[in-house]
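Geometric and topological summary
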Amino acid sequence: MYVTTAVIGAGHAGLAASCFLTAASVDHVVLERGEVANSWRRERWDSLRLLTPNWLSRLPGAAYEGPDPDGYADMGEVVDLLERSAKDVPVRTGVNVTSVRRSSEGYTLTTGEGPIRARTVVIASGACNRPVVPSFDVPPGVEQVTPFGYRNPSRLPDGGVLVVGASATGVQLAAEIQQSGRPVVLSAGEHVRMPRVYRDRDVLWWMHHSGVWSQRYDELDDLTRARRLPSPQLVAGSTLDLNTLTSMGVELVGRLSAIRDGAALFSGGLRNVAALADLKLNRLLDTFDEWAGTAPGERPEPTRVPKSARWRLDLRSGEIGSIVWATGYRPDYSWLDVPVVDEKGSLIHDGGVVGDGLYALGLPVLRRRRSTFLCGIEDDARDIVDHLRLHLAG
Amino acid sequence: MSNGVNVQALLDAREALKGAPEAAQFTWRASSKWQHGVHSTTKIQKFFGLGQEQSHKSEAVFEADHPEIFAAEDNGVTPIEYLLVGLAACLTAGVASVAQNRGIKLNSVESVVEGDHDIRGILGADSDVRNGFNDVKVTFTIDADASPAEIEALVAQSQKRSAVFDALTNPTNVTVEVA
């Protein structure tokens with residue numbers, strides 16, 4: 001089989017690419033290992049909702065049309081949205097791409113349904129293919145769970161739970177596990193704090209309108225850092241920061257630095273990571289106020305850090321029954337037989353342009369800060385397909 | 001605007017070492033000699049870095065002892081106090097560097113470092129008490145051409161990039177052998 005463009009992945013990124021490829025009359029196919037919106041269906045926990053309100057959750061060819069524009073979509077609603085945007089897309093589901101290599105005409109893809117030749121390839125296989133789990137010597141008897149295996153608290157063993165990581169995933173899981181009656185110890189390294197609402201508007205309304213989300217990747221001071229930033233401490237509908245968790249009874253500890261002789265050892269630098277997050281949050285709110293041209297609004301209470309957080313937790317004492325590793329995700333490029341991945345496993349690209357007709361979509365801060373979110377895909381896909389058309393004409 | 005930190009050299013080094021991790025491997029060394037009682041003298045001059053042996057301009061000599069209330073001769077500061085020296089110096093260097101990088105002029109930077117220490121640990125008087133510090137507190141007083149939030153950000157960033165802060169707040173493997 002030959003196509004001009006092969007798109008790998010039928011998630012929001014692959015579907016958006018297809019939309020613009022169709023508009024540009026570029027012959028293409030979208031290859032999907034499972035079904036449309038596969039990761040949203042299978043690799044998420046039960047309670048997860050989008051961080052963006054519905055009115056922001058738009059894809060090319062499919063915007064929210066329901067009765068609650070200020071609500072937050074659950075995974076069923078996200079799947080519906082993606083399916084609507086997929087209705088005219090040439091998707092081939094159940095086709096797993098196991099290799100992509102250079103060829104004289106462009107690329108050859110090895111798939112479960114035979115080879116596919118393509119002049120150009122768009123990698124839209126996602127940013128969160130694998131959970132990142134640090135390698136520590138966890139004592140036997142303590143169950144370990146990643147967000148890929150986690151569905152809800154009832155599947156965890158009884159007893160205390162050590163949640164490692166305080167990004168969106170970590171704070172959301174810590175909250176619902178604590179509410180299930182299992183005492184949570186939350187290990188927090190560097191994190192991004194946000195209130196759900198600032199001056200009566202959703203914080204993402206501010207990100208969207210103030211122009212913060214429109215900042216281009218090539219205008220940022222430290223792009224590497226921006227791309228590695230943990231997801232903000234947000235949940236649908238209400239503020240969920242470390243203070244919220246402390247009020248719920250969650251115990252805060254510093255970043256997990258080692259497990260030694262069966263004991264988890266935490267950094268003594270918790271106070272500073274909290275200070276860094278508070279300062280950064282206040283600078284963000286300053287940006288909003290400047291944009292709005294108004295006097296500063298009320299600032300959130302500084303993070304309440306325990307006077308002396310525990311830095312040692314014995315994992316053999318029975319206090320902790322399980323560890324939830326909310327320590328991030330990374331993409332999987334093990335199938336990509338083109339030397340475009342750096343030694344840390346990141347794709348080397350310039351705003352999604354890898355080079356030689358190879359493109360990427362759906363990665364954090366790909367072309368703008370907004371790229372990290374569902375609603376960022378439309379502009380990115382348009383830009384990438386514009387570039388791809390020039391390459392084909394080239 | 002200059003605080004006397006050559007930030008450009010540091011930024012250049014950061015770029016250069018990104019592609020040369022082996023050159024970034026340093027080994028710092030101190031050589032110590034027992035004098036008498038609990039008094040020792042430690043000298044520092046040579047270190048390894050950028051792929052070769054390096055040397056400070058001159059040798060530095062540090063006397064360590066314990067105070068008279070420890071029934072010692074007090075020929076120098078207590079070893080654990082050297083940790084305070086290291087932390088204060090490291091954070092201060094960080095504040096100056098970050099300020100330089102951010103274009104903030106410093107007029108004065110002073111700090112007081114306090115380490116709370118329950119000495120029942122080292123005396124073996126109570127096995128539940130640790131040997132080291134229970135708490136370390138650093139208080140900066142900074143006069144700079146910057147807002148209070150900018151000054152707090154300097155101090156926060158200096159902790160984030162401090163070798164000694166990291167070494168004190170996180171566990172480190174330590175091997176002690178008899179040669």
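Residues numbered from 1 in each chain as written. Chains lettered and ligands numbered in written order. Predicted model: local features only at pLDDT ≥ 70, side-chain atom pairs only at ≥ 80, totals over all residues. Heavy atoms only, no water.

1. A few points about the overall build of chain B
Summing up its helical and strand segments, chain B has five helices and six strands in all. Taken from the N to the C terminus, the helices and strands of chain B come in the order α-β-β-β-β-α-β-α-β-α-α. Each principal axis of the C-alpha distribution contributes one length, and for chain B these read about 50 × 40 × 30 Å. The contacts of chain B with a sequence gap of at least 6 include a subset with a gap of at least 24, amounting to 49%. Of the roughly 11,900 Å² of accessible surface on chain B, a fraction of 53% belongs to carbon and sulfur atoms. Charge separation in chain B, taken as the distance between the mean sites of 14 positive and 24 negative side-chain charges, equals 8 Å. (Helix = DSSP H or I, 4+ residues; strand = E, 2+ residues; numbered from the N terminus. Contact = heavy atoms within 4.5 Å. Areas by Shrake-Rupley, 256 points an atom, 1.4 Å probe, with all protein chains shown as cover. Lys, Arg positive; Asp, Glu negative; His and termini not counted. Charge placed at Lys NZ, Arg CZ, Asp CG, Glu CD.)

2. Thoughts on the interface of chain B and chain A
Between chain B and chain A, the residue contacts involve 15 residues of the former and 16 residues of the latter. Our enumeration of links across chain B and chain A arrives at six residue pairs in polar contact (both at pLDDT 80 or more). The set of elements that each furnish at least two residues to the side of chain B that touches chain A consists of helix H4 (148-160) and helix H5 (163-169) of chain B. For the side of chain B that touches chain A, the element with the most residues is H4 of chain B, which contributes seven residues. Looking at the side of chain B that touches chain A residue by residue, the classes come out as five nonpolar, six polar and four charged. (Polar contact = N/O pair within 3.5 Å; in protein donor to acceptor, adjacent residues only side chain to side chain. Nonpolar A, V, L, I, M, F, W, Y, C, P; charged D, E, K, R; others polar.)

3. Focus: the pairing of strand E9 (residues 160-164) of chain A
Residue and element names in this part refer to chain A. Summarising burial for E9: five of the five residues are buried, a large majority. Side chains Gly160, Leu162 and Val164 project from E9 onto one buried face, and the interleaved Val161 and Val163 project onto a second face that is buried too. Sheet analysis places E9 next to strand E19 (residues 320-325), joined by five bridges and oriented parallel. Note that in E19 the partner of Val163 across the bridge is Val324. Strand direction decides the pairing type here: E9 and strand E10 (residues 184-187), joined by four bridges, are parallel. Looking across to E10, one finds that Val164 is bridged to Ser187. Crossover E9 to E10 through helix H4 (residues 168-179) is right-handed. (Buried < 20%, exposed > 50% of the residue type's maximum accessible area, 1.4 Å probe, protein only. Pairing = 2+ DSSP bridges. Right-handed = clockwise from strand over helix to strand, strands pointing away.)

4. Quick look at a negative patch on the surface
Residues and elements named next belong to chain B. Among the surface-exposed residues, Glu68, Glu73, Asp74 and Glu81 lie close enough to one another that they form a single negatively charged patch. Positionally, Glu73 belongs in the loop between strand E4 (52-64) and helix H2 (79-101). Its relative accessible area of 49% is what places Glu73 among the partly exposed residues. (Patch = residues over 30% accessible without salt bridge, like charges linked within 9 Å, V, L, I, M, F, W, Y side chains within 5 Å. Salt bridge = Lys/Arg side-chain N within 4 Å of Asp/Glu carboxyl O.)

5. Considerations on helix H9 (residues 377-393) of chain A
All names here are of chain A. Between its terminal C-alpha atoms H9 stretches 24 Å, which fits the 24 Å expected from 17 residues at 1.5 Å a residue. Along H9, the positions that sit buried rather than exposed are Ile377, Glu378, Asp380, Ala381, Ile384, Val385, Leu388 and Leu392. All buried residues of H9 fall inside an arc of 155 degrees around its axis, so they share one side. Every exposed residue of H9 that faces more than 90 degrees away from the buried side is listed here: Leu390 and Ala393. Of the surrounding elements, those touching the buried residues of H9 are strand E1 (2-8), helix H1 (12-23), strand E6 (116-123), strand E21 (353-355) and strand E22 (358-360). (Expected span 1.5 Å × (residues − 1). Arc of directions from axis to C-beta.)

6. Some remarks on the domain arrangement of chain B
Residue and element names in this part refer to chain B. Under the domain assignment used here, chain B contains domain 1 (1-76) and domain 2 (78-179). Computed over C-alpha atoms only, the centres of domain 1 and domain 2 are separated by 16 Å. Contacts between domain 1 and domain 2 engage 16 residues on the former and 14 residues on the latter. Both faces considered, domain 1 and domain 2 share a buried interface measuring about 1,100 Å² in area, 63% of it formed by carbon and sulfur atoms. Counting the contacts that link domain 1 with domain 2 gives zero salt bridges. Among the secondary structure elements, those contributing two or more residues to the side of domain 1 that touches domain 2 are helix H1 (7-18) and E4. Looking at the side of domain 1 that touches domain 2, its residues break down into nine nonpolar, five polar and two charged. (Domains from an automatic or database assignment. Buried area = accessible area lost by both parts, 1.4 Å probe.)

7. Here we look at the domain arrangement of chain A
Residues and elements named next belong to chain A. Looking at chain A, the domain boundaries give domain 1 (2-129 + 331-393) and domain 2 (133-325). If you average the C-alpha positions of domain 1 and of domain 2, the two centres end up 28 Å apart. Taken residue by residue, the interface counts 29 residues in domain 1 and 30 residues in domain 2. Summed over both partners, the interface of domain 1 with domain 2 buries about 2,600 Å², with 57% contributed by carbon and sulfur atoms. Together, Trp45, Leu51 and Arg369 form the three largest contributors to the area buried by domain 1 at its contact with domain 2, with a combined 28%. Along the contact surface separating domain 1 from domain 2 lie zero salt bridges. Along the contact surface separating domain 1 from domain 2 lie 16 residue pairs in polar contact (both at pLDDT 80 or more). Of the residues in the side of domain 1 that touches domain 2, the class split is 14 nonpolar, five polar and ten charged.

8. A closer look at the sheet that holds E19 of chain A
The strands making up a sheet associate through hydrogen bonds between their backbones, and the pairing can be parallel or antiparallel. Residue and element names in this part refer to chain A. Ordered by their spatial adjacency, five strands build an open sheet running E8-E19-E9-E10-E15, and the pairing between neighbours is parallel. Edge strands, defined here as strands with exactly one partner in the open sheet, are strand E8 (143-145) and strand E15 (251-253). Taken pair by pair, the neighbouring strands of this sheet meet at an average axis angle of 20 degrees, ignoring direction. Pairing between E8 and E19: three bridges, direction parallel. In the strand pairing of E19, Glu143 is matched with Ser322. (Axes fitted to C-alpha atoms, helices over the stretch in contact; angles between N-to-C directions.)

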